[in-house]
Amino acid sequence: QVQLVESGGGLVQPGGSLRLSCGASGIIFSRYVMGWYRQVPGKQRELVAGIDIFGNINYVDFAKGRFTISRDNAKNTVYLQMNSLQPEDTAVYYCNADPRPSGAGRYDYWGQGTQVTVSS
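Please read all numbers here as calculations on a predicted model, not as lab measurements.

This paragraph deals with the overall build of the protein chain. A tally of regular secondary structure across the protein chain gives zero helices and eleven strands. Across the protein chain, helices and strands are ordered from the amino to the carboxyl terminus as β-β-β-β-β-β-β-β-β-β-β. Relative to the compact-globule value of 14 Å for 120 residues, the protein chain shows a C-alpha radius of gyration of 14 Å, a close match. Looking at the 120 residues of the protein chain, the share that counts as buried comes to 38%. Partitioning the intrachain contacts of the protein chain with sequence separation of at least 6 by distance along the chain shows that 55% fall at a separation of at least 24.

Structure representation (structure tokens):
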């Protein structure tokens, strides 16, 4: 059974930082592209950052220079370090594991999400 479990969300003041973690089980983690997405009510889920099996990283524009994605294959965990947080970063953050780019599977998986609230 595949499980992705996010943690690290919470309430932070503007300008603050949070580090999200997503632990995976039931998959060969090193063969999955890992991504962080976020969603606010009434809007579509959007990509924040992704890291492939080779460690190549991509960020969407709002994340560049503020957020850092990383992975630890030995711990089956992907991280998202978020700095200089602003109220517009408030959202539920989701972890995604996708085996399709590497041909390791047919379906991707999602975590349950962790709430990030940026407010003074």
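Taken in spatial order, the four strands of this open sheet run S1-S3-S8-S7, and their pairing is antiparallel. Sheet topology places strand S1 (3-7) and strand S7 (67-72) at the edges, where each strand pairs with a single neighbour. Between one strand and the next, the sheet's axes are offset by a mean angle of 15 degrees, whatever the strand orientation. By the bridge criterion, six bridges tie S7 to strand S8 (residues 77-82) in an arrangement that is antiparallel. Considered in S8, the bridge of Ile-69 is made with Leu-80.

Right, let's get into the nonpolar core. Core analysis: the largest hydrophobic core is formed by 27 residues, its most contacted members being Trp-36, Val-78, Leu-80, Met-82 and Tyr-93. Mapped onto this core, the elements with two or more residues apiece are strand S3 (18-25), strand S4 (33-39), strand S5 (46-51), S7, S8, strand S9 (91-98) and strand S11 (114-118). For Leu-80, the contacting residues outside a window of four places in its chain are Leu-18, Arg-19, Leu-20, Trp-36, Val-48, Ala-49, Phe-67, Thr-68, Ile-69 and Tyr-93.

This paragraph deals with the state of the cysteines. Per the counting criterion, the structure on display carries one disulfide. Note that Cys-22 is cross-linked by a disulfide to Cys-95, the S-S spacing being 2.1 Å. Given an S-S torsion of about -80 degrees, the disulfide between Cys-22 and Cys-95 has left-handed geometry. Taken together, the residues Cys-22 in strand S3 and Cys-95 in strand S9 connect sequence positions 73 residues apart. Residue Cys-22 shares its accessibility class with Cys-95, and that shared class is buried.

On to the environment of Met-34, then. Relative to the helices and strands, Met-34 resides in strand S4. The class of Met-34 is buried, set by a relative accessible area of 0%. Placed 62 residues apart in sequence, Met-34 and Asn-96 show a C-alpha to C-alpha distance of 5.7 Å. Setting aside residues no more than four positions away along its own chain, Met-34 makes contact with Phe-29, Ala-49, Gly-50, Ile-51, Ile-69, Arg-71, Val-78, Cys-95, Asn-96 and Ala-97.

Definitions and cut-offs
- Residues numbered from 1 in each chain as written.
- Predicted model: local features only at pLDDT ≥ 70, side-chain atom pairs only at ≥ 80, totals over all residues.
- Heavy atoms only, no water.
- Helix = DSSP H or I, 4+ residues; strand = E, 2+ residues; numbered from the N terminus.
- Rg over C-alpha atoms; globule rule 2.2 N^0.38 Å.
- Buried < 20%, exposed > 50% of the residue type's maximum accessible area, 1.4 Å probe, protein only.
- Contact = heavy atoms within 4.5 Å.
- Pairing = 2+ DSSP bridges.
- Axes fitted to C-alpha atoms, helices over the stretch in contact; angles between N-to-C directions.
- Core = buried A, V, L, I, M, F, W, Y, C linked by side-chain atoms within 4.5 Å.
- Disulfide = S-S within 2.5 Å.

Functional significance is not addressed by these values, which are geometric in nature.
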